[in-house]
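Descriptive analysis of the structure
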Amino acid sequence: MHAPTLLRGLLVLALSAAALSAPPPPPPPRTRPPTAPRPPPGPPAGAHRGAPASAQLTRTDSAAVLLAAAEDFANRGAHDIAEALYRHILERFPGTAAAGTARTRLDGVTDQRSRTGGEVEIKVWSTIYGLYNGGVLMPMAFNADEAEAIGAGLLIGGPVGFLIGHQLTRARSYSPGQARAVTWGASWGTIQGALFATMFDVDAEVAARLMLAGGAAGLAAGSLIARREIPAGTGTSAMLGSLWGLWYGVASSVLVELEFQGTGAAMMLAGNAGLIVGAVAGSRVPLSRGRARLISLGGVLGGFAGAGMVLIGQPDSEKVAIGIPMVMSMAGLAVGALATRGGDWADRSDDVRSAASLSAPGSLLNWSEGDWALSTPLPIPAREATPVNGGRDGLIWKVPLLKVRF
């Protein structure tokens, strides 16, 4: 966020607060003409209504100024400031024409923000992936294990990876779900290449080439899938489902006593099954990114609890040693799914309509309808008497720490 842009937004808020706190104009004075023999007539009809009409005009004008500034920020791409101003108009100027327009504009701003946000993930991932390919897989694929070859791969791989991610994000915008489809598609393709090499017990040179080919195929497939809108929860659940599939593939191969090649095949089958199950669950069930992570966290806790039981009990059988964490992780996933059922675990970027209907917290600690939330305190301009100004009204900034909404 550029400093001039932020200062401009704060200045608009300060002008709005000053307009709100300005005292209404006094009613017309009642004077008695010196030559009149009788009391002056009463004030004309509607004289006492001049102050409320003026105040209403001030509220309307202030809301219109804020609305124009918000639209200007939105046109410049500063959607976060525009969203904050739209919410401020709805909260401070309800019933005005600007408030109705702000509510409509807010839907568009939140929708635009939900359709973007994945560009950074693609750039970061592509840079790391380029370093991995250039410094590890490429030298291995061409049997060049010299330090010079690895160093050259690192020097070239990082910038090339970043440029690829930069070109992808320049062509179009990516939501978090679409970005996860691209990044995990290439990563999963690389893993598939490694598992395929394990199944056929090939040498390192062939394995590296299979991983490079799998990554390229996965990147192409993920880019095609990302052409359609993908909720963030669906992308996250698909990725986590594939990882859980790998774990259960390893555990199952130990239980049935498979050989090394069989373990690779079990991991491939179970991982792809987990990927499909996670993608279907994320698209059919109201599964947000936050809830998918919490469910997976339950499985991780269950698995480590099983590992702790194994370390304490010291079972003699290898099957029992792997079976206990396997069963406990399944139980943890089930408990996580049940515990998060019916709760609002959605990220605000996942649900555009709910994001548009929520007011900005603006305080460090916020309580609303029984739920607590942490947020960044939003400074609020106000006019109050301060010792610095000798007791006269002056512009001050308040930083709210607690906000309670009943």
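Residues numbered from 1 in each chain as written. Predicted model: local features only at pLDDT ≥ 70, side-chain atom pairs only at ≥ 80, totals over all residues. Heavy atoms only, no water.

**A few points about the overall build of the protein**
For the record, the criterion: The numbering of helices and of strands both runs from the N terminus, where a helix is a DSSP run of H or I of at least 4 residues and a strand a run of E of at least 2. A simple rule labels every residue: compare its accessible area, found with a 1.4 Å probe on the protein chains alone, to the largest value its type can have, and call it buried under 20%, exposed over 50%, or partly exposed in between. The contact rule is simple, with two residues in contact once any of their heavy atoms fall within 4.5 Å. Using a 1.4 Å probe, the Shrake-Rupley method yields the accessible areas, and only the shown protein chains count as cover for residues.
The secondary structure content of the protein amounts to 13 helices and 5 strands. Expressed as a percentage of its 406 residues, the buried residues of the protein come to 35%. Look at the contacts in the protein between residues 6 or more apart in sequence, and 70% of them connect residues 24 or more apart. Carbon and sulfur atoms make up 66% of the accessible area of the protein, which totals about 23,400 Å².

**Quick word on the packing of aromatic side chains**
Worth spelling out the cut-off: Two aromatic rings, drawn from Phe, Tyr or Trp (for Trp, its six-membered ring), form a pair once their centres lie within 6.5 Å of each other, and the interplanar angle then sorts them: stacked below 30 degrees, edge-to-face above 60, tilted otherwise.
This structure, assessed with the given rule, holds 5 aromatic pairs. Between the aromatic rings of W244 and Y248, the centroid separation amounts to 6.0 Å while the plane-to-plane angle is 25 degrees, which identifies the pairing as stacked. In this pair, W244 and Y248 both sit in helix α9 (residues 232-255), 4 residues apart, roughly one turn of the helix. Each member of the aromatic cluster is reached from another via a ring pair, and the members are W244, W247 and Y248.

**Brief notes about the side chain of T169**
Locating T169 in the fold gives a position in helix α6 (residues 147-171). On the basis of relative accessible area, T169 is assigned to the buried category, the value being 13%.

**As for the nonpolar core**
What counts is decided by this rule: Working definition of a nonpolar core: buried Ala, Val, Leu, Ile, Met, Phe, Trp, Tyr and Cys residues. They are joined through side-chain atoms within 4.5 Å.
With 19 residues, the main nonpolar core has L67, F73, L85, Y86, I89 and A102 as its most contacted residues. Mapped onto this core, the elements with two or more residues apiece are α2 (50-75), α3 (79-92) and α4 (97-114). With 7 residues, the single largest contributor to this core is α2. Judged by nonpolar contacts, the second largest core, of 11 residues, contains W184, M239, L287 and I295.

**Considerations on the packing of helix α5 (residues 119-141) against α6**
Where we set the bar: To get an axis, a line is fitted to the C-alpha atoms, and for a helix only the part in contact is used. The angle between two axes follows their N-to-C directions and goes from 0 to 180 degrees. Roughly parallel covers angles under 35 degrees, roughly antiparallel covers those over 145, roughly perpendicular covers 65 to 115, and oblique covers all other angles. Helix crossings get a hand from a simple test, with the near helix turned counterclockwise from the far one by less than a right angle marking a left-handed crossing and a clockwise turn marking a right-handed one.
Between α5 and α6, whose axes approach to 7 Å, the crossing angle comes to 155 degrees. It follows from the interaxial angle that α5 and α6 lie roughly antiparallel. Judged by the twist between their axes, the crossing of α5 over α6 is right-handed. Two secondary-structure elements touch here, α5 through E119, I122, K123, S126, T127, G130, L131, G134, G135 and P139 and α6 through A149, I150, G153, L154, G157, G158, G161, F162, G165, H166, L168 and T169.

**Remarks on the packing of α9 against helix α11 (residues 289-313)**
Condition: All amino acids are sorted into three groups, where Ala, Val, Leu, Ile, Met, Phe, Trp, Tyr, Cys and Pro are nonpolar, Asp, Glu, Lys and Arg are charged, and the leftover types, Gly among them, are polar.
Remark: α9 packs on α11, axes separated minimally by 8 Å, with the N-to-C direction vectors making an angle of 20 degrees. Accordingly, the angle class assigned to the pair α9 and α11 is roughly parallel. Crossing hand, α9 versus α11: left-handed. Along the contact surface, α9 presents A232, G233, T236, S237, L240 and W244, while α11 presents R289, A292, R293, S296, G299 and V300. Here the contact of α9 with α11 is composed, by residue class, of 5 nonpolar, 5 polar and 2 charged.

**Examining the confidence of the model for the protein**
Do not read the fine detail of predicted coordinates wherever pLDDT is low. This is how it is decided: For every residue, the pLDDT score states the predictor's confidence, bounded by 0 at the bottom and 100 at the top.
Mean pLDDT over the protein works out to 78, with 67% of the residues at or above the 70 mark. Confidence over residues 42-56 falls short of pLDDT 50; this stretch has 7 contacts with residues more than four positions distant or in other chains. Under a pLDDT of 50 for its full length, residues 348-361 has, in the predicted model, 26 contacts with residues more than four places off or in other chains.

**Notes on a nonpolar patch on the surface**
What counts, and what does not: Nonpolar side chains (Val, Leu, Ile, Met, Phe, Trp, Tyr) within 5 Å and like charges within 9 Å form the patches, drawn only from residues with over 30% relative accessible area and no salt bridge. The salt bridge definition used is simple: a Lys or Arg side-chain nitrogen within 4 Å of an Asp or Glu carboxyl oxygen.
A surface patch of nonpolar side chains, amounting to about 470 Å² of accessible area, comprises L294, L297, V300, L301 and F304. With respect to the helices and strands, the residue L301 is situated in helix α11.

**So, the pattern of salt bridges**
Within the structure shown, the criterion is met by 3 salt bridges. With a closest N to O distance of 2.8 Å, R180 and E121 form a salt bridge. Of this pair, R180 sits in helix α7 (residues 176-200) while E121 sits in helix α5, placing them 59 residues apart in sequence. Taking the relative accessible area as the measure of exposure, R180 reaches 15% and is therefore buried. Overall, the relative accessible area of 23% leaves E121 in the partly exposed class. Between R209 and E205 there is a salt bridge, with the nearest N and O atoms lying 2.8 Å from each other. Note that R209 and E205 are positioned in helix α8 (residues 204-225) at a spacing of 4 residues, about one turn of the helix. For E205, a relative accessible area of 27% gives the class partly exposed.

**Side note on the side chain of S288**
In this fold, S288 is placed in the loop between α10 (260-284) and α11. Residue S288 is classed as buried on the basis of its relative accessible area of 10%.

**Some points on unusual backbone geometry**
Across the chain, the bulk of peptide bonds are trans and the bulk of non-glycine residues have phi less than zero. The phi dihedral of N143 falls on the positive side, at around 55 degrees, and the residue is not glycine. Assignment of secondary structure puts N143 in the loop between α5 and α6. The backbone of E257 shows a phi angle near 60 degrees, a positive value even though the residue is not glycine. Within the secondary structure layout, E257 lies in the loop between α9 and α10.

**Focus: α5**
Here is the rule: Note that the bend at a residue is defined as the angle between axes fitted to the seven residues ending at it and the seven residues starting at it.
Its axis deflected by about 35 degrees at N133, α5 carries its strongest bend there. For α5, the full list of buried residues reads E119, I122, W125, S126, Y129, G130, N133, G134, G135, L137, P139 and A141. Buried-residue contacts for α5 involve α6, α7 and α8. Of the residues one or two after α5, N143 is the one with positive phi, at around 55 degrees.

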